[in-house]
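# Reading the structure
Spelled out, the chains give:
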Amino acid sequence: LTSWPMGFFLTIIRYASYLLLFSFSTICLACGLYYLAEVIEEHEKMTKKLLKYLSWVVFAAHLFVWMEGFPTTYVLVGVIAHVLYYVLLPQFPKLKLTNLGFILASIFFVLDHYVWFSFFSSKPFNFWDILAFFLVCVWLIPFVFFISLTSEDSSLPYGSLSACM
């Protein structure tokens, strides 16, 4: 047993626990996403209202970071992206992937993400501040729209039973 370097088995145990932790985290994330998709499917009107109010919060957050001195063009890109998300609300949750509004919102999501990532990577900000900003101002509304895309696939068709006979 003296031929093994000290701490060898401890290192193996540590990496195995990392793998186990990653596996459990992935399963928990998948369960959470499934539950959110079920809630959105069950309560479409409530989710639509929530999205409307969350959009207002995000607009206010963009205004506040602009007043703190964040670049105007970056804030405008974020506001335009969220205006495009807001325009999608009347169609919620039955979004069409080929709709011009959806395509523009997707393009602006990528652009908004790129703009803010380039801004925060060039400045010395705290990681948790960056994460909080991205969570509220970049990812929150598109994430709910993304989750709602699954509710369209699993919902039952509408119509009367007599039309089938």
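Description of the structure in this document. (Residues numbered from 1 in each chain as written. Predicted model: local features only at pLDDT ≥ 70, side-chain atom pairs only at ≥ 80, totals over all residues. Heavy atoms only, no water.)

### Section: the overall build of the protein chain
Scanning the protein chain from terminus to terminus reveals 5 helices and 0 strands. Taken from N to C terminus, the helices and strands of the protein chain fall in the order α-α-α-α-α. Counting over 165 residues, the protein chain shows a buried share of 26%. (Helix = DSSP H or I, 4+ residues; strand = E, 2+ residues; numbered from the N terminus. Buried < 20%, exposed > 50% of the residue type's maximum accessible area, 1.4 Å probe, protein only.)

### Details of helix H3 (residues 72-88)
Residues spaced three or four apart along an α-helix point in a common direction, a consequence of the helix completing one turn every 3.6 residues. For H3, spanning 17 residues, the distance from its first C-alpha to its last is 24 Å, which sits close to the expected 24 Å at 1.5 Å a residue. What H3 keeps buried is the set Val75, Val77, Gly78, Ala81, His82, Leu84, Tyr85 and Leu88. (Expected span 1.5 Å × (residues − 1).)

### Here we look at the nonpolar core
Ranked by internal contacts, the top residues of the largest apolar core, which has 20 residues, are Leu51, Tyr85, Leu88, Phe92, Ile141 and Phe145. Among the elements of the structure, helix H1 (8-42), helix H2 (44-67), H3, helix H4 (100-121) and helix H5 (127-154) are those that each provide at least two residues to this core. Looking at which element gives the most residues to this core, the answer is H3, with 5 residues. If you look at the next biggest cluster of nonpolar residues, it comprises 12 residues, including Val65, Val75, Phe120 and Phe133. (Core = buried A, V, L, I, M, F, W, Y, C linked by side-chain atoms within 4.5 Å.)

### Observations concerning the packing of aromatic side chains
Taken as a whole and judged by the stated rule, the model has 22 aromatic pairs. Pairing Tyr85 with Phe145 gives two aromatic rings, centres 6.5 Å apart and planes at 50°, and the pair type is tilted. With Tyr85 in helix H3 and Phe145 in helix H5, this residue pair connects regions lying 60 residues apart in the sequence. Grouping residues by exposure puts Tyr85 and Phe145 together as buried. In this arrangement the basic side chain of Arg14 is found over the ring face of Tyr15, its NZ or CZ atom lying 5.6 Å from the centre. (Phe/Tyr/Trp six-rings, centres within 6.5 Å; stacked < 30°, edge-to-face > 60°. Lys NZ or Arg CZ within 6 Å of the ring centre and 35° of its normal.)

### Thoughts on a nonpolar patch on the surface
Judged by side-chain polarity, Phe127, Trp128, Leu131, Leu135, Val136 and Trp139 come together as a nonpolar surface patch covering roughly 600 Å² of accessible area. Among the secondary structure elements, Phe127 is positioned in helix H5. Owing to a relative accessible area of 51%, Phe127 belongs among the exposed residues under this scheme. (Patch = residues over 30% accessible without salt bridge, like charges linked within 9 Å, V, L, I, M, F, W, Y side chains within 5 Å. Areas by Shrake-Rupley, 256 points an atom, 1.4 Å probe, with all protein chains shown as cover. Salt bridge = Lys/Arg side-chain N within 4 Å of Asp/Glu carboxyl O.)

### A short note on the packing of H3 against H4
Contact geometry for H3 and H4: axes closest at 9 Å, N-to-C directions at 155°. As summarised for this structure, H3 and H4 are arranged roughly antiparallel, according to the angle between their axes. Where H3 crosses over H4, the two elements pack in a sense that is left-handed. Listed contacts from H4 to Tyr74, Val75, Val77, Gly78, Ile80, Ala81, His82, Leu84, Tyr85 and Leu88 of H3 are Gly101, Phe102, Leu104, Ala105, Phe108, Phe109, Leu111, Asp112, Val115, Trp116, Ser118 and Phe119. (Axes fitted to C-alpha atoms, helices over the stretch in contact; angles between N-to-C directions. Parallel < 35°, antiparallel > 145°, perpendicular 65-115°, else oblique. Left-handed = near helix turned anticlockwise from the far one by under 90°. Contact = heavy atoms within 4.5 Å.)

### Let's talk about the state of the cysteines
This model, assessed by the stated rule, comprises 0 disulfides. Cys31 supplies the cysteine sulfur nearest to Cys28, a cysteine that is in no disulfide, at a spacing of 6.5 Å. Classification of Cys28 by relative accessible area gives exposed; the value is 56%. What makes Cys31 partly exposed here is its relative accessible area of 48%. (Disulfide = S-S within 2.5 Å.)

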